[in-house]
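Reading the structure
One letter stands for each residue in the lines below.
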Amino acid sequence: MNLFIDFGGTHFRYCFDDGDTITLKSEDVELVKFIEIQISLKNINKVFISFAGQVKDGKILSAPNIKIETLDINKYFEEKYNIEVLIENDLNCAAIYEYSKYKNAQVLAVFYIGTGFGSAFVIDGKVLKGKDNIAAEVGHIPFKKKPYRCNCGRDDCLELSVSGKVFGENSFENSDEDTKKDFLDGLKHIFHTTLNLFDPDVIILGGGVVKHNPFILDFLKNEYNNSSFKTIRSDLKIFISDVEDANIKGLQILSKGEKCQVL
Ligand SMILES: [Zn+2]
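In short, a report on the structure. Quantities reported herein were computed from a predicted structural model and do not represent experimental measurements.

Side note on the pattern of salt bridges
Under the defined criterion, the tally for this structure stands at 18 salt bridges. The residue Asp132 makes a salt bridge to Lys131 at a minimum N-O spacing of 2.6 Å. Via salt bridges that share partners, Lys56, Lys131 and Asp132 belong to a single interconnected network.

Examining the packing of aromatic side chains
Using the criterion set out here, one finds 17 aromatic pairs in the structure. Seen in terms of ring centroids, Phe111 and Phe117 are 5.5 Å apart; in terms of plane orientation they differ by 50°. Their pairing is tilted. Given a relative accessible area of 2%, Phe117 falls into the buried group. Judged by centre distance (6.5 Å) and plane angle (80°), the rings of Phe111 and Phe121 are edge-to-face. Linking Phe111 in strand β8 (residues 107-113) with Phe121 in strand β9 (residues 117-123), this pair joins segments that are 10 residues apart in sequence. Like Phe111, the residue Phe121 is buried in the burial classification.

A few points about unusual backbone geometry
Within the chain, Asp199 stands out as a residue other than glycine whose phi angle is a positive 45°. The backbone of Phe229 shows a phi angle near 55°, a positive value even though the residue is not glycine. As for its placement among the helices and strands, Phe229 is situated in the loop between α6 (215-225) and β12 (237-240).

Considering the sheet that holds β9
Backbone-to-backbone hydrogen bonds pair the strands of a sheet. The strands run either parallel or antiparallel. Within the open sheet, the 5 strands sit side by side as β10-β9-β8-β11-β12. Their pairing is mixed. The outermost strands of the open sheet, each flanked by one partner alone, are β10 (126-127) and β12. When β8 meets β9, the two strands line up antiparallel, connected through 7 bridges. Within β9, the position partnered with Val110 by the bridge is Ala120. Docked against the sheet, α6 engages β8, β11 (202-206) and β12, running at close to 170° with respect to β12.

Looking at the nonpolar core
Counting 28 residues, the largest nonpolar core has Phe111, Ile113, Phe183, Leu187, Leu205 and Ile216 as its most contacted members. Among all residues touching Leu187, those that are not within four sequence positions of it are Ile113, Phe117, Val162, Ile216, Phe219 and Leu220. Of all hydrophobic cores here, the second largest spans 26 residues; its members include Ile35, Ile49, Ala52 and Val85.

Some thoughts on the coordination of the zinc ion
Distances from the zinc ion to its protein donors, namely His140 (ND1), Cys150 (SG), Cys152 (SG) and Cys157 (SG), fall within the range 2.0 to 2.3 Å. If you look at the zinc ion, its 4 donor atoms make angles of 100 to 118° with each other, and the shape they trace is tetrahedral. Of note, the zinc ion draws all its donor residues from one chain, in the sequence arrangement H-x9-C-x1-C-x4-C. One end of the pair, His140, is in the loop between β10 and α4 (177-198); the other, Cys150, is in the loop between β10 and α4, with 10 residues separating them in the sequence. What makes His140 partly exposed here is its relative accessible area of 21%.

Things to note about the environment of Val122
Relative to the helices and strands, Val122 resides in strand β9. Placed 106 residues apart in sequence, Val122 and Ser228 show a C-alpha to C-alpha distance of 22 Å.

Focus: helix α1 (residues 31-41)
Burial in α1 covers these residues: Leu31, Val32, Phe34, Ile35, Glu36, Gln38 and Ile39. Where α1 is buried, its residues meet β1 (2-7), β2 (11-16), β3 (22-25), β4 (46-51) and α2 (73-81).

Observations regarding the sheet that holds β4
Reading across from one edge, β3-β2-β1-β4-β7 is the order of the 5 strands in this open sheet, with mixed pairing throughout. Of all strands in the sheet, those bounded by a partner on one side alone are β3 and β7 (84-89). When the angles between neighbouring strand axes are averaged without regard to direction, this sheet yields 20°. Pairing of β1 with β2 involves 5 bridges; the strand directions are antiparallel. Counterpart to Phe4 in the pairing with β2 is Cys15. Where helix α3 (residues 90-101) meets the sheet, its contacts fall on β4 and β7, and the angle it forms with β7 comes to roughly 90°.

Reading the values: rules and limits
Residues numbered from 1 in each chain as written. Predicted model: local features only at pLDDT ≥ 70, side-chain atom pairs only at ≥ 80, totals over all residues. Heavy atoms only, no water. Salt bridge = Lys/Arg side-chain N within 4 Å of Asp/Glu carboxyl O. Phe/Tyr/Trp six-rings, centres within 6.5 Å; stacked < 30°, edge-to-face > 60°. Buried < 20%, exposed > 50% of the residue type's maximum accessible area, 1.4 Å probe, protein only. Helix = DSSP H or I, 4+ residues; strand = E, 2+ residues; numbered from the N terminus. Pairing = 2+ DSSP bridges. Contact = heavy atoms within 4.5 Å. Axes fitted to C-alpha atoms, helices over the stretch in contact; angles between N-to-C directions. Core = buried A, V, L, I, M, F, W, Y, C linked by side-chain atoms within 4.5 Å. Donors = N, O, S within 2.8 Å, 3.2 Å for Na, K, Ca; no water. Tetrahedral: all angles 85-135°; square planar, octahedral: opposite > 155°, others 65-115°.

Laid out in structure tokens, this is it:
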């Protein structure tokens, strides 16, 4: 059977083929040990991992919000257990699922605002990957200098203004005016940059901050009405994702062998 894992900054979710999804706290899980225990308990053929960090060719390149020691996870399980591990960036997994619902879209963008700002693009049916599999990280476009560093190494990323961590213990509502203004200005910047670079047909929103602040949807629709070239732009579909586990659903699509179409 297949083991599907969604390893996020906050939650660790997993399931087997058609079984229910179990959620743990990411900080309580050591990924390699977890998989080894599952291998000892069940007849696992293949492991699919959606990972909140940068990965390339089965190797973890960077894991800003996750503690992990074995970076070449693919090689490790191949050599020790002869089990194949497919690991992909979490937003790319979500994009694969969302694209499965909008296969006519020429450009589909996915924005998840949670602990960080995650994004992915599917262009003509393919996830945009770039040479290091880190394309489409619009959350790291320079925006406003902050007195602390982003996990990517800079101190002025959009993500430092547009993500759940800027509210600390507060919600958007309870935050001070500067924080709110930065958040909305940054979001606007991401949105118009995306429109002008990619001219998307569909934008899917997700993540905890969007879930708790659904006004973001109307905010962006309103921005679209005031966008450049508005008179020649056709309809843009902007939705909030209808599922909580798009990452796992994306992995399940990959497991069915549709890999070459989307990756
Ligand atoms: Zn950054």
